[in-house]
Amino acid sequence: MAAVSNGEGSTQAVAREAGPLTFQVWIAPVFAAALIVVSALHLGGFWLRSAEVVGVGSLALVLLVVGMRRVDLTTTVILAALGALATWWFLRAVAIGQPLSVFPFGAAVVGFGAAFAAVRPLHPQYKDVAATVLASIGALEALVGFYGVTMRSYPLAIPDQNLWRLASTLTYSNAAGLILAMSLLVALGLNERWWYSRGLVCICAAGLLATQSRAAVLGALLGLLFVPIARYRLLWLPLTLGAIAGAVAVATALSTKPVPMVAAVGALCLFVSVVVKPVPIVLGSRRRVGLTLLAALVVVGIALAALHSELSRRLISSASLFDRNPEWSSAYHQFLGSPGLGVGPDRVIPLVGGNGTFAHFAHNEYLQIADDAGLVGLALLVIAILMIARTVRRTDLGTSCALGALIAFAFCGAFDFDWHVPMIGLMAGWVAGLASSAPLRRPRVPKKDSAGASLRPDRPEGAEPRPTAKAAV
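Residues numbered from 1 in each chain as written. Predicted model: local features only at pLDDT ≥ 70, side-chain atom pairs only at ≥ 80, totals over all residues. Heavy atoms only, no water.

### Some words on the nonpolar core
Under the convention used in this document: Here, nonpolar core means buried Ala, Val, Leu, Ile, Met, Phe, Trp, Tyr and Cys residues that are tied together by side-chain atoms lying within 4.5 Å of each other. Burial classes: relative accessible area under 20% of the type maximum marks a residue as buried, over 50% as exposed, and values in between as partly exposed (1.4 Å probe, protein chains only). Helix and strand definitions follow DSSP, with helices as H or I runs of at least four residues and strands as E runs of at least two, each counted in order from the N terminus. Between two residues, a contact is recorded if the distance between any of their heavy atoms is within 4.5 Å.
Counting 114 residues, the largest nonpolar core has Met182, Leu188, Phe409, Met423, Trp430 and Leu434 as the members making the most contacts within it. At 11 residues, the largest contribution of residues to this core is made by helix 6 (residues 173–187). With residues near it in sequence (within four places) discarded, tryptophan 430 still touches Pro29, Ala32, Ala33, Ile36, Ala115, Phe116, Val119, Ala130, Ala131, Val133 and Leu134.

Right, here's the structure in full:
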């Protein structure tokens, strides 16, 4: 089964219909979506009790998908690699006498594999629905966070460096930023003629900026490179209005009192995005992209000009840009002490030549895995990444946007400990499933009797042969 897209609408299925939405088709994705919602309500599943719930639920989902025989060989290998990584993480936790330290990262790893295995087998038509569900969850997180930013309600918004940043139910701004970056990129692949899709783009774009997460914004910009240029011609209005609403939230971040203007401007931008139908810009593709980037820079520039020095230091000062160096260098130094097996999950990192005495995380998941699980854990991670990369196919609009979201997830892993949040693991696995091609199924060969005649012919005798599906991009 193949799919095509002209870049100006949602994925169009060709070759064959998706078939009925049977129990076997929807049960696994619904289970995965329920786990994401549960983890969102429990602070992203980051804390021990919540991580245990998400981890057990994710393991049950893996067993369900495997038991229903909804996995192919490649998916099986990916699940095996991720399962081996989670198992090794647990063994290292037992070795240091802290078995519960397998959480939350172990739950996030299993959650990634479970969501990937649940979404990957879906027909492209159903993947459009799955993409809408994911973007809707991200938009809900943004709306909850905007309430926190508007009312200065802790911990839905958190004052960091004297700046109120959107944190949503995860209570961590950088993690919320990564969720909104992935949700925005997935939303760009939905049908722009549907008012709901345009609203999702506006909300996610505004929420992303309101988190003030530098890594998430940069990851989203990197992911946007994989989105077809035609999407910007059609969705420039909700993107621009979302940037304006986010810029207002950033511009008022220093105020310690509730700021009703944030909610008012955001509601107005959302209303216009929903009501106004797509109005394509009639310009060359390069000029369209240039104007979009110019508009975004102007909005951000105006916001910065209206602010005091706190936000300027956070965004552009060299000290702020390199504030991860002490954690990175200290984690690398600790890794050299036990490169083969690692020091064990989430051990305290003594800081070498930095401010303070220790750090809880390396703020780089690749370095964190190498430090805590050694070269063994790092090798298992590389195997999983390579196998997932083999499944990714940019066959249509949806897979292209989902690939951009997956790139943002991989990029942000190098600047924070977002992968430790099980909700992010579940959402990233869902995104990977959207970006990957559905496994091909072998046609059923009819049995034959002793004379060579088919006992269960595929079609009545004399009927025309069925057309074969050919990929078209």
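### Remarks on the packing of aromatic side chains
Quick note on the threshold: In this analysis, rings of Phe, Tyr and Trp, with Trp reduced to its six-membered ring, are considered paired at centre separations within 6.5 Å, and the interplanar angle assigns stacked below 30 degrees, edge-to-face beyond 60, and tilted for intermediate values.
The full count for this structure, using the stated rule, is 14 aromatic pairs. Summarising the aromatic geometry, the rings of phenylalanine 361 and phenylalanine 417 are spaced 4.2 Å apart at their centres and angled 20 degrees between planes, so their arrangement reads as stacked. In this pair, phenylalanine 361 is assigned in the loop between strand 6 (358–359) and helix 15 (365–391) and phenylalanine 417 in the loop between helix 16 (397–412) and helix 17 (422–435), connecting sequence segments 56 residues apart. When its relative accessible area of 14% is taken as the criterion, phenylalanine 361 is described as buried. For phenylalanine 417, a relative accessible area of 12% corresponds to the buried category. Here the aromatic cluster, defined as three or more aromatic residues joined through ring pairs, consists of Phe46, Trp47, Tyr172, Phe361 and Phe417.

### Observations concerning the environment of tyrosine 154
Mapped onto the secondary structure, tyrosine 154 falls in the loop between helix 5 (124–151) and strand 3 (157–160). Residue class for tyrosine 154 comes out exposed when judged on its relative accessible area of 58%. Between the C-alpha atom of tyrosine 154 and that of threonine 171, which follows or precedes it by 17 residues, the distance is 8.3 Å. When near neighbours in sequence (up to four residues on either side) are disregarded, tyrosine 154 contacts Pro159 and Trp164.

### Some thoughts on the pairing of strand 4 (residues 163–166)
Defined as follows: Note: two strands are recorded as paired if DSSP finds a minimum of 2 bridges between them.
Of the two faces of strand 4, both are covered, the one formed by Leu163 and Arg165 as well as the one formed by Trp164 and Leu166. Direction of pairing for strand 3 relative to strand 4: antiparallel, over a ladder of four bridges. Its bridge partner being in strand 4, aspartate 160 is matched across the sheet by leucine 163. The loop that links strand 3 with its antiparallel partner strand 4 comprises two residues; one of these, glutamine 161, has a positive phi angle of about 55 degrees.

### Let's talk about unusual backbone geometry
Across the junction of phenylalanine 103 and proline 104, the peptide omega takes the value 5 degrees, indicating a cis bond. If you trace the backbone, proline 104 turns up in the loop between helix 3 (73–95) and helix 4 (105–119). With an omega of 5 degrees, the peptide bond between tyrosine 154 and proline 155 qualifies as cis. Locating proline 155 in the fold gives a position in the loop between helix 5 and strand 3. In this structure, serine 168 is a non-glycine residue whose phi angle is positive, near 60 degrees. Residue position: serine 168 is located in the loop between strand 4 and helix 6.

### Quick look at the environment of threonine 256
Among the secondary structure elements, threonine 256 is positioned in the loop between helix 9 (230–251) and helix 10 (260–275). For the pair formed by threonine 256 and tryptophan 164, sequence separation is 92 residues and the distance between their alpha carbons is 8.0 Å. Leave out the neighbours within four places in its chain, and threonine 256 touches Arg152 and Trp164.

### Thoughts on the packing of helix 3 against helix 15
Stated formally: Axis definition: a line fit to C-alpha positions, over the contact stretch in the case of helices; interaxial angles, taken between N-to-C directions, run 0 to 180 degrees. When an angle is under 35 degrees it counts as roughly parallel; over 145 it counts as roughly antiparallel; between 65 and 115 it counts as roughly perpendicular; any other value is oblique. Put simply, Ala, Val, Leu, Ile, Met, Phe, Trp, Tyr, Cys and Pro go in the nonpolar bin, Asp, Glu, Lys and Arg in the charged bin, and everything else, Gly too, in the polar bin.
It is the contact of helix 3 with helix 15, at a shortest axis distance of 9 Å, that shows an interaxial angle of 170 degrees. Between helix 3 and helix 15, the crossing angle belongs to the class labelled roughly antiparallel. For the contact of helix 3 with helix 15, a count of residues per class yields 17 nonpolar, four polar and two charged.

### Things to note about helix 4
Note the threshold: Expected span of a helix: the number of residues minus one, times 1.5 Å.
Between its first and last C-alpha, helix 4 extends 21 Å over 15 residues, near the 21 Å set by a 1.5 Å rise per residue. Most of helix 4 is tucked away, with 14 of its 15 residues classed as buried.

### Remarks on the confidence of the model for the chain
Operational definition: Residue-level confidence of the predictor, termed pLDDT, takes values from 0 up to 100.
On average, residues of the chain score 84 in pLDDT, and 78% of them reach the 70 mark or higher. Low pLDDT, under 50, characterises residues 1–17; the stretch is placed with 56 contacts to residues that sit more than four places away or in other chains. Below pLDDT 50 for its whole length, residues 454–473 participates in 24 contacts with residues either more than four positions away or in separate chains.

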